[in-house]
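The primary structure of each chain is shown beneath.
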Amino acid sequence: MTFDIAVTGAAADAVARLVPQLVIEGVASGITTQDSSLWGAEAEDEASRRLGWVEAVANSEALVPEIIALRDLLRSNGVDHIVLGGMGGSSLAPEVIARTAGVELTLLDTTDPGQVFSALHDRIATTALVISSKSGSTVETDSQKRVYEQAFREHGIDPVDRIIIVTDPGSPLDVSARADGYRVFNADPNVGGRFSALTAFGLVPCGLAGVDIQHLLDDAESVSLQLALDTADNPGLVLGAAIAGTSPLKDKLGIVADGTYIVGFGDWAEQLIAESTGKRGTGILPVVLGVDSPEISAGLPDLQIVRLVHDRRATEEVIEGEIEISGTLGAQLLVWEYATAVAGRLLGINPFDQPDVESAKIATRGLLDARPQPSAPAFVDGEIEVRGTGDTVDGVDSLRTAVDRLLAQLGPDGYLSIQAYANRISFRELAQLRSILARRAGRPVTFGWGPRFLHSTGQFHKGGPAVGVFLQITAVELLDVEIPGRPFSFGQLIQAQAAGDASVLAEHGRPVLTLTLHDPANTVRALMSALR
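These numbers were taken from a predicted model, which means no experiment stands behind them.

About the cut-offs
- Residues numbered from 1 in each chain as written.
- Predicted model: local features only at pLDDT ≥ 70, side-chain atom pairs only at ≥ 80, totals over all residues.
- Heavy atoms only, no water.
- Salt bridge = Lys/Arg side-chain N within 4 Å of Asp/Glu carboxyl O.
- Helix = DSSP H or I, 4+ residues; strand = E, 2+ residues; numbered from the N terminus.
- Pairing = 2+ DSSP bridges.
- Axes fitted to C-alpha atoms, helices over the stretch in contact; angles between N-to-C directions.
- Buried < 20%, exposed > 50% of the residue type's maximum accessible area, 1.4 Å probe, protein only.
- Contact = heavy atoms within 4.5 Å.
- Left-handed = near helix turned anticlockwise from the far one by under 90°.
- Nonpolar A, V, L, I, M, F, W, Y, C, P; charged D, E, K, R; others polar.
- Phe/Tyr/Trp six-rings, centres within 6.5 Å; stacked < 30°, edge-to-face > 60°.
- Right-handed = clockwise from strand over helix to strand, strands pointing away.

A.B. asks: Whenever I open this one, the pattern of salt bridges confuses me. Can you help?
C.D. replies: Oppositely charged side chains can pair when the atoms bearing their charge come close. What the rule picks out here adds up to 31 salt bridges. As a salt-bridge pair, arginine 312 and aspartate 4 come within 2.9 Å of each other at their nearest N and O atoms. With arginine 312 in the loop between β9 (303-308) and β10 (323-326) and aspartate 4 in strand β1 (residues 4-7), this pair connects stretches of sequence that are 308 residues apart. Of the charged contacts, one joins glutamate 25 and arginine 345 as a salt bridge, the two residues approaching to 2.9 Å between their closest N and O atoms. With a gap of 320 residues between them, glutamate 25 in the loop between α1 (9-24) and α2 (27-32) and arginine 345 in helix α14 (residues 329-347) connect regions that are remote in the sequence. When salt bridges that share partners are traced, they join Glu95, Asp109, Asp267, Arg424 and Arg452 into one network.

Written as structure tokens, this is what we have:
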């Protein structure tokens, strides 16, 4: 399958206006040769340490036989179930790779105690765990490693035989894991997490699960030469200009895929674009849409639609105003990485830093240390506690009215972010709230499972345009899971993460409405009914 992109409307105007200048400036070849000056003097130091992804295809070739050999060894020992503990780019890339290949990979990118409990009790005797953390100090993955070590030992299994580590060389996890005898794969330290799909972070868990990772790399390689050339048909330049160069800027990007050949791509692209561009009060907000999402037909002037299709040339015509793209997954991953780097240059920001991500982590640590009692709810509707900032809950006594009050704070360029700190396996119907509230709001609505979105779109929420309003849904489950060697449980950790992020959003002046569901197995249905 060849990579193909077609642009119409404002996107086509942006391409015609900007791509010739990008060609003259040598932006494509500059990215390929890792010219760190492309994003300005202030970004140069960071960029000089974050462009290794352009060599990921070539550098990852040597990993393939090692990964396959380990997979075969595990299978020969009866181990055929792979669980991935990772957050952000460390989990979102493997998720789309495995789902598109139709290969089972259990994603544990959560601190929800119910979801952790279920994973721990799913085929533990035939399970291997991949712990992926670039920094080697991520609290979620450290907690997952600890609880699996205990579970393996309780089943008479040596954790060293069942846990594989992916991290940067010299990280705290790298040092401790090697000292403990774990198998470690080091990733390129010059690649940021959200650009790491074609590095060890994407390849190790997927290869162990059974994905043909050599084929994935070959597909990426097929488009790499075209991406390196300063030509008008370079898909990285075209896509970058189309999503970041419209005038006026369409700063919401609706990503639509029918899911028939690439499954879950929007979630990966969402974190790549949001975390890379959402800073200094600007950025592109990705909105993951289905083919029948209400935003598509709403004619929103600030929403640019891009569709992934199986074969663009087989479609009768591109819908006016939209972008249409086809290509293999490997090619798509690399093209979108180039396009995001180009978008950063056009927006005048550094696409490789994430200055606002740490704030929520600091707030979480503070809450875990202090363990304050939760603030009293403004009111309780049924068994759902309601809290809010500003006048969102003043004089309100019903859940639906509080949500209406939150939506009323949306401006003509605003968006609603729904954040569900809940078990996404047991309560997947919560994701339906995205379309339900999009119809009511008449504005773009995003949906993220907490805490994984903190490692992706969380940067945009604080550093991007101050036009978002936020609906937090937290679930207090009857079941909790202790974290060995830590003074807090998974239940306490996820509640601190939700409360910490809400406090940081409030400090940034973002309206926040928090709905706390006690015993969510019985209250999720009531919430869905109240908001329909």
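What follows continues from the structure just given.
A.B. asks: Can you help me understand the sheet that holds strand β13 (residues 415-421) in this one?
C.D. replies: Note: strands within a sheet are paired through backbone hydrogen bonds, in either parallel or antiparallel orientation. Taken in spatial order, the six strands line up as β11-β12-β16-β15-β13-β14 in an open sheet, and their pairing is mixed. The sheet terminates laterally at β11 (379-381) and β14 (445-449), the two strands that pair on one side only. Taking each pair of neighbouring strands and ignoring which way they run, the sheet shows an average axis angle of 20°. Sheet analysis places strand β15 (residues 468-476) next to strand β16 (residues 512-518), joined by seven bridges and oriented parallel.

A.B. asks: Sorry, what's going on with unusual backbone geometry here?
C.D. replies: Among all residues except glycine, the phi angle is most often negative; among peptide bonds, the trans geometry is most common. A cis geometry characterises the amide bond from serine 247 onward to proline 248, with omega recorded as -5°. When you line up the elements, proline 248 lands in the loop between α12 (235-244) and β7 (252-257). Unlike most non-glycine residues, arginine 123 shows phi in positive territory, near 55°. Along the chain, arginine 123 falls in the loop between α7 (113-120) and β4 (127-133). By relative accessible area, which is 37% here, arginine 123 ends up partly exposed. A positive phi angle, close to 55°, is found at aspartate 519, a residue other than glycine. Inspection of the secondary structure puts aspartate 519 in the loop between β16 and α20 (520-531).

A.B. asks: Please explain the environment of leucine 272 as it appears in this structure.
C.D. replies: Tracing the chain through its elements places leucine 272 in helix α13 (residues 265-277). Sequence separation between leucine 272 and serine 456 is 184 residues, and the spatial gap between their C-alpha atoms is 7.3 Å. Not counting residues up to four positions away in its chain, the partners in contact with leucine 272 are Arg194, Phe195, Trp336, Glu337 and Thr340.

A.B. asks: Sorry if this is basic, but what is going on with the packing of helix α5 (residues 63-76) against helix α10 (residues 200-209) here?
C.D. replies: In a packed pair of helices, the relevant descriptors are the angle between the two axes and the axis-to-axis distance. The geometry of α5 relative to α10 is characterised by a closest axis approach of 8 Å and an angle of 35° between their N-to-C directions. Once α5 is placed against α10, the crossing between them reads as right-handed. Between α5, through Leu63, Ile67, Leu70, Arg71, Leu74 and Arg75, and α10, the contact on the second element is made entirely by Ala200, Leu203, Val204, Gly207, Leu208 and Ala209. A per-class count over the contact of α5 with α10 returns nine nonpolar, one polar and two charged.

A.B. asks: Please clarify how the packing of aromatic side chains should be interpreted in this entry.
C.D. replies: In this description, a pair of aromatic rings is defined by centroid distance and the angle of the planes. Applying the stated criterion across every chain yields a total of eleven aromatic pairs. Connected via pairs of aromatic rings, a cluster forms that spans Trp39, Trp53, Phe195, Tyr338 and Phe352.

A.B. asks: Is there a simple way to think about the pairing of β7 in this case?
C.D. replies: Remark: a regular strand shows side chains that alternate across the two faces of the sheet. For β7, the tally of buried residues reaches five of six residues, placing the bulk of the element in the interior. For the segment spanning β7, α13 and strand β8 (residues 285-289), crossover handedness is right-handed.

In short, geometric facts, not functional conclusions.
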